[in-house]
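Architecture and fold: a report
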Amino acid sequence: MADTTPHTAQGAGAAPLSDLPPRAAVVLGPSEGRPYPMGSISAVFKADGAETAGAYSISEWWLEPHTQGPGAHAHPEDDVFYVIEGVMSFFVNGAWIDATKGSFVLVPGGSTHDFENRSASRAGALNFSAPGNFEQHMPGIAEWFAEHPPGRAG
């Protein structure tokens, strides 16, 4: 039988879970979420902002074959990528690495990074960004890609 007793969050000085503000569970099926099409790149946000109390953002990023990513950039948030399909190439620590399905890449906040799909097959990565509220930038990012379509990658 499942334990339904309220528990206390772990750690020194942690508040009882019952003291935390209530949030709704998020359950999405495959391909569900808030889509941001950007030509040969697309993002689907699964949770951000209100769903995570601003703590993190989770999204899928899909790149069609031979698609460049956003270009080398940095931001204060940590960026975590988990390759869920194909081979994604990541620029991190000053070099490009090819990450196959199941690979994990952690880019610390402030680090210059990029990603692209140099392969002949569609590739995708689950992205975790902390802290959250990254999705507030997506309308501007989608608009930028509409004006500057992704280039062709290797």
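Preceding this section is the structure that the text describes.
Analysis parameters
Residues numbered from 1 in each chain as written. Predicted model: local features only at pLDDT ≥ 70, side-chain atom pairs only at ≥ 80, totals over all residues. Heavy atoms only, no water. Helix = DSSP H or I, 4+ residues; strand = E, 2+ residues; numbered from the N terminus. Contact = heavy atoms within 4.5 Å. Areas by Shrake-Rupley, 256 points an atom, 1.4 Å probe, with all protein chains shown as cover. Buried < 20%, exposed > 50% of the residue type's maximum accessible area, 1.4 Å probe, protein only. Polar contact = N/O pair within 3.5 Å; in protein donor to acceptor, adjacent residues only side chain to side chain. Patch = residues over 30% accessible without salt bridge, like charges linked within 9 Å, V, L, I, M, F, W, Y side chains within 5 Å. Salt bridge = Lys/Arg side-chain N within 4 Å of Asp/Glu carboxyl O. Phe/Tyr/Trp six-rings, centres within 6.5 Å; stacked < 30°, edge-to-face > 60°. Pairing = 2+ DSSP bridges. Axes fitted to C-alpha atoms, helices over the stretch in contact; angles between N-to-C directions. Core = buried A, V, L, I, M, F, W, Y, C linked by side-chain atoms within 4.5 Å.

Below, the discussion takes up the overall build of the chain. In terms of helices and strands, the chain carries one helix and nine strands. Starting at the N terminus and ending at the C terminus, the chain contains elements arranged as β-β-β-β-β-β-β-β-β-α. Of the contacts formed within the chain by residues at least 6 apart in sequence, a portion of 65% connects residues at least 24 apart. Accessible surface computed for the chain: about 8,800 Å², of which carbon and sulfur atoms make up 58%.

Checked against the element boundaries, His 113 lands in the loop between β7 (104-107) and β8 (114-116). On the basis of relative accessibility, which here comes to 2%, the residue His 113 falls in the buried class. In this structure the side chain of His 113 is engaged in a polar contact, spanning 3.3 Å, whose partner is the side chain of His 75. A polar side-chain atom of His 113 sits 3.1 Å from a polar atom in the side chain of Asp 79. Leave out the neighbours within four places in its chain, and His 113 touches Gly 71, Ala 72, His 73, Ala 74, His 75, Asp 79, Phe 81, Phe 91 and Val 107.

On to a nonpolar patch on the surface, then. The grouping of Tyr 82, Phe 104, Leu 106 and Leu 126 at the surface amounts to a nonpolar patch, some 390 Å² of accessible area in total. Tracing the sequence through the fold places Tyr 82 in strand β4 (residues 78-85). Residue class for Tyr 82 comes out partly exposed when judged on its relative accessible area of 39%.

What follows covers the packing of aromatic side chains. Following the criterion strictly, the structure yields nine aromatic pairs and no others. Summarising the aromatic geometry, the rings of Trp 61 and Phe 115 are spaced 5.9 Å apart at their centres and angled 70 degrees between planes, so their arrangement reads as edge-to-face. Separated by 54 residues along the polypeptide, Trp 61 in strand β3 (residues 57-63) and Phe 115 in strand β8 bring together distant segments of the chain. Residue class for Phe 115 comes out buried when judged on its relative accessible area of 6%.

Further remarks concern the sheet that holds strand β2 (residues 41-47). Pairing is antiparallel across the open sheet formed by six strands, whose spatial order is β1-β2-β3-β9-β4-β7. The two strands at the open ends of the sheet, each matched to only one other strand, are β1 (34-38) and β7. For this sheet the average axis-to-axis angle between neighbouring strands, irrespective of direction, equals 20 degrees. In this structure, β3 lies alongside strand β9 (residues 123-130), joined through seven bridges in antiparallel fashion. The residue of β9 that forms the bridge with Ile 58 is Phe 128. Contacts between helix α1 (residues 138-147) and the sheet are confined to β1, β2 and β3, with β1 contributing the most and set at about 25 degrees to the helix.

Moving on to the nonpolar core. Grouped together as the largest cluster of nonpolar side chains are 22 residues, with contacts concentrated most on Met 38, Trp 61, Met 88, Phe 90 and Met 138. Counting residues per element, the ones that place at least two in this core are β1, β2, β3, β4, β5 (87-92), β7, β9 and α1. Filtering out sequence-adjacent residues up to four positions away, Met 138 remains in contact with Tyr 36, Met 38, Ala 43, Phe 45 and Trp 61.

The next thing to look at is unusual backbone geometry. For the bond from Ala 130 to Pro 131, the omega torsion is 0 degrees, close enough to zero to count as cis. Secondary-structure assignment places Pro 131 in the loop between β9 and α1. One non-glycine residue with positive phi stands out, namely His 66, at about 55 degrees. In this structure, His 66 sits in the loop between β3 and β4. Backbone geometry at Asn 93 places phi at a positive 55 degrees, although glycine is not the residue there. Of the residues examined, Asn 93 reaches a relative accessible area of 73% and is grouped as exposed.

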